[in-house]
Every structure is written in C-alpha cells, then in structure tokens.
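# Coordinates in review
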Amino acid sequence: MNTSPNAPVHPAPSMNTPVRRILTVIGASAAALAGWVLAVPVAGIALTARMGGGAEQVGPAAVVVASLVAGLAGWALLAVLERFVSRAGRLWTIVALAVLALSLLGPLGSAVGAASTLVLVLLHLIVGAVLVPGLPRR
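Remember, it's a predicted structure, so these values are computed and weren't measured experimentally.

### Details of the overall build of the protein
Along the protein, the regular secondary structure elements total five helices and two strands. Secondary structure of the protein in N-to-C order comes out as α-β-β-α-α-α-α. Split into buried and exposed, the 138 residues of the protein put 30% on the buried side. Sequence-distant contacts, at least 24 apart, represent 69% of the contacts inside the protein between residues at least 6 apart.

This is the structure in structure tokens:
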C-alpha cells in the first residue's frame, strides 16, 4: 500500500443525485406506509379524518400518494432553487421545515380522535424526517 503524501486520494464513489433523490422520495413513502401498517393493522387504530362533509378512513393508498406528492414537489422546488439560487440546499431546507410545520395543521384540524391525530402527525414527521435530510446535496 502506498502511503506517501503524494498518493492520489480517491473519494468513495457516491450515488448520483437523481438516483439518490428518487430513492429518498420512495423511501419517505415506504417509511410512511410502514408507520401506517404499524398503527392501523398492527395496533388497531382507526385512522379517520374529516374530509368534506363527513369522516373517512385514511388508507394505505392515501398515505403513499400524499407522501409521493410531497416528495416530488419538494424535489421540484429544490431543482428550481438549485438552478437560480446560490446555497439552494440551505434555502430549501428552511422552506421544507416551514412547509412541514404548516402541514401539521392538517391532522391537528381534521383528524377524528386523539389516536388519529397522533398517528397522522407522526406520519407527517416521518416523511419530513426522510425528505429534509435526504433531498439536498450533501
């Protein structure tokens, strides 16, 4: 092994950004779905939210679609910011955390019951915990 100070240093190969980002979006959706599975079929919580004039069950399709939409929208905003703004990752993180905080108003205002409120808030936080650190370039 060459340990001379002039030996070339090769950084570890990293996953290219689009692949990493799509995996992050899919991972956020999978994590949210796992949270739903633990709460609804395993723990037996009736995940219900007021929608329109009545209350509806929040099913796995709604969880997956909502988390995919959030992830893809975040990615799109990040792509626009990277094109036009210096330090786009920092600005995006601030915006993403603000949007996450605002998104919590949904479950806090529309969930039916304390258990539904807690689970829906946790699902939002799970998606945010994957997307916020996972999408920007590091």
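### Section: the pattern of salt bridges
Summed over all chains, the structure comprises two salt bridges. With a shortest N-O distance of 2.6 Å, arginine 21 and glutamate 82 are connected by a salt bridge. Taken together, the positions of arginine 21 in helix α1 (residues 17-42) and glutamate 82 in helix α2 (residues 60-84) put the pair 61 residues apart, joining distant regions of the chain. When its relative accessible area of 3% is taken as the criterion, arginine 21 is described as buried. The exposure class assigned to glutamate 82 is partly exposed, which follows from its relative accessible area of 24%. One salt bridge connects glutamate 82 with arginine 137, and the closest N-O pair in it is separated by 4.0 Å. Of this pair, glutamate 82 sits in helix α2 while arginine 137 sits in the segment after α5 (114-134), placing them 55 residues apart in sequence.

### Concerning unusual backbone geometry
Here arginine 87, not a glycine, exhibits a phi torsion of approximately 60 degrees, which is positive. Examined against the element boundaries, arginine 87 turns out to sit in the loop between α2 and α3 (88-103). A residue is classified by how much of its surface remains accessible, and arginine 87, at 60% relative accessible area, is exposed.

### Remarks on α2
In this model α2 runs 37 Å from its N-terminal to its C-terminal C-alpha over 25 residues, within 8% of the 36 Å that 1.5 Å per residue would give. Next to the buried residues of α2 lie α1, α3 and α5.

### Regarding the nonpolar core
With 23 residues, the main nonpolar core has Leu47 and Leu120 as its most contacted residues. Those residues in contact with leucine 120, other than ones at most four positions away along the chain, are Leu47, Ala49, Val58, Pro107 and Ala111.

### Focus on the side chain of serine 116
Looking at the secondary structure, you find serine 116 in helix α5. Only 3.0 Å separates the side chain of serine 116 from the backbone nitrogen of threonine 48, close enough to count as a polar contact. Ignoring any residue separated from it by four or fewer positions in sequence, one finds serine 116 in contact with Ile45, Ala46, Leu47, Thr48 and Ala111.

Cut-off values and rules
- Residues numbered from 1 in each chain as written.
- Predicted model: local features only at pLDDT ≥ 70, side-chain atom pairs only at ≥ 80, totals over all residues.
- Heavy atoms only, no water.
- Helix = DSSP H or I, 4+ residues; strand = E, 2+ residues; numbered from the N terminus.
- Buried < 20%, exposed > 50% of the residue type's maximum accessible area, 1.4 Å probe, protein only.
- Contact = heavy atoms within 4.5 Å.
- Salt bridge = Lys/Arg side-chain N within 4 Å of Asp/Glu carboxyl O.
- Expected span 1.5 Å × (residues − 1).
- Core = buried A, V, L, I, M, F, W, Y, C linked by side-chain atoms within 4.5 Å.
- Polar contact = N/O pair within 3.5 Å; in protein donor to acceptor, adjacent residues only side chain to side chain.

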